[in-house]
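Spelled out from the first residue to the last, the chains are:
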Amino acid sequence: MKKFSSSASAWVSSRPNSTSTPIVPNNNNNNYAKDVDVMASTPTSRTAAAEPAPSLPQSFSVKCLGWRESRGLWGVKHTRAPVDAMVASARALPAGQSLPRATLHVSAEGVSVDGDVQSTMLPIDCISYGVQDLVYTRVFCCVLVSRSDAPGPPFRCHAFVCESRAAARGLTYALAAAFQEYSRAVKLKQAAPAPRVVDLRTPEDIAAEMLSHCQDSEA
């Protein structure tokens, strides 16, 4: 199995090349706020449509970035700041100290985390959004909705560094498959499932969409 670098900041250079310039949110207007999120059951990009739905369960070796508070249920506008903050913290780790390793197990029940961190379960009915980060393409992040009786912020963005960009993509598709299984199970109970969103576009597709909206608004 391919191993990570022991350096805590070695992976942060995994950014899109010059053909996919990362877009920085403009907090002074709402041009950046328009999301064209892709529902897990209806992928729209050519890349998303071409890949078959993976079978579950699936496991992925990752490093844990941790979590930060998110300001909303879904959309890259609500994961950008938390991911940037977690990356900054990882870069600031002392020399010789690395991020904790873990294995993510994706199933119809959700995402379980086992490894150097405390074992935990991210229940599928509490995950509202998942995406491969468009700036750090080895990073997968998801938004977890806290239960009403749980302490802490209502929305938390969890992020993980995958072994490769392809692994982050695979993790995104695995979560989409878990959402589909969840939706089918809820429909069998004749209940309306809450919206669950996985953005299946590539980081370049997301960046190009944002750039197009920004250019249109400036024109």
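The structure displayed is predicted, hence computed values, not measured ones.

Looking only at helices and strands, the protein features 4 helices and 8 strands. Secondary structure elements of the protein occur, N-terminal to C-terminal, as α-β-α-β-β-β-β-β-β-α-β-α. Taken across its 219 residues, the protein has 44% of its residues classed as buried. Expressed as a percentage of contacts within the protein between residues at least 6 apart in sequence, the contacts between residues at least 24 apart total 70%.

For helix α2 (residues 80-91), which comprises 12 residues, the first-to-last C-alpha distance of 17 Å matches the rise-based estimate of 16 Å (1.5 Å per residue) to within 8%. Looking at α2, one finds that the buried residues are Arg80, Pro82, Val83, Met86, Val87 and Ala90. Take α2 and look down its axis: the buried residues cluster within an arc of 170°, on one side only. On its buried face, α2 is in contact with β1 (58-69), β6 (139-145) and β7 (155-162).

Take the nonpolar core next. Ile127, Phe160 and Leu175 are the most contacted members of the largest nonpolar core, which has 28 residues in total. Every element with two or more residues in this core is listed here: β1, β2 (101-107), β3 (110-115), β6, β7 and α3 (165-188). At 10 residues, the largest contribution of residues to this core is made by α3. Core analysis: the next-biggest nonpolar cluster, separate from the first, contains 18 residues, Val87, Ala90, Leu134 and Val139 among them.

Turning our attention to the packing of aromatic side chains. According to the stated counting rule, one finds 0 aromatic pairs in the structure shown. One cation-aromatic arrangement involves Arg156 over Trp67; the distance from NZ or CZ to the ring centre is 4.7 Å.

About the criteria used
- Residues numbered from 1 in each chain as written.
- Predicted model: local features only at pLDDT ≥ 70, side-chain atom pairs only at ≥ 80, totals over all residues.
- Heavy atoms only, no water.
- Helix = DSSP H or I, 4+ residues; strand = E, 2+ residues; numbered from the N terminus.
- Buried < 20%, exposed > 50% of the residue type's maximum accessible area, 1.4 Å probe, protein only.
- Contact = heavy atoms within 4.5 Å.
- Expected span 1.5 Å × (residues − 1).
- Arc of directions from axis to C-beta.
- Core = buried A, V, L, I, M, F, W, Y, C linked by side-chain atoms within 4.5 Å.
- Phe/Tyr/Trp six-rings, centres within 6.5 Å; stacked < 30°, edge-to-face > 60°.
- Lys NZ or Arg CZ within 6 Å of the ring centre and 35° of its normal.

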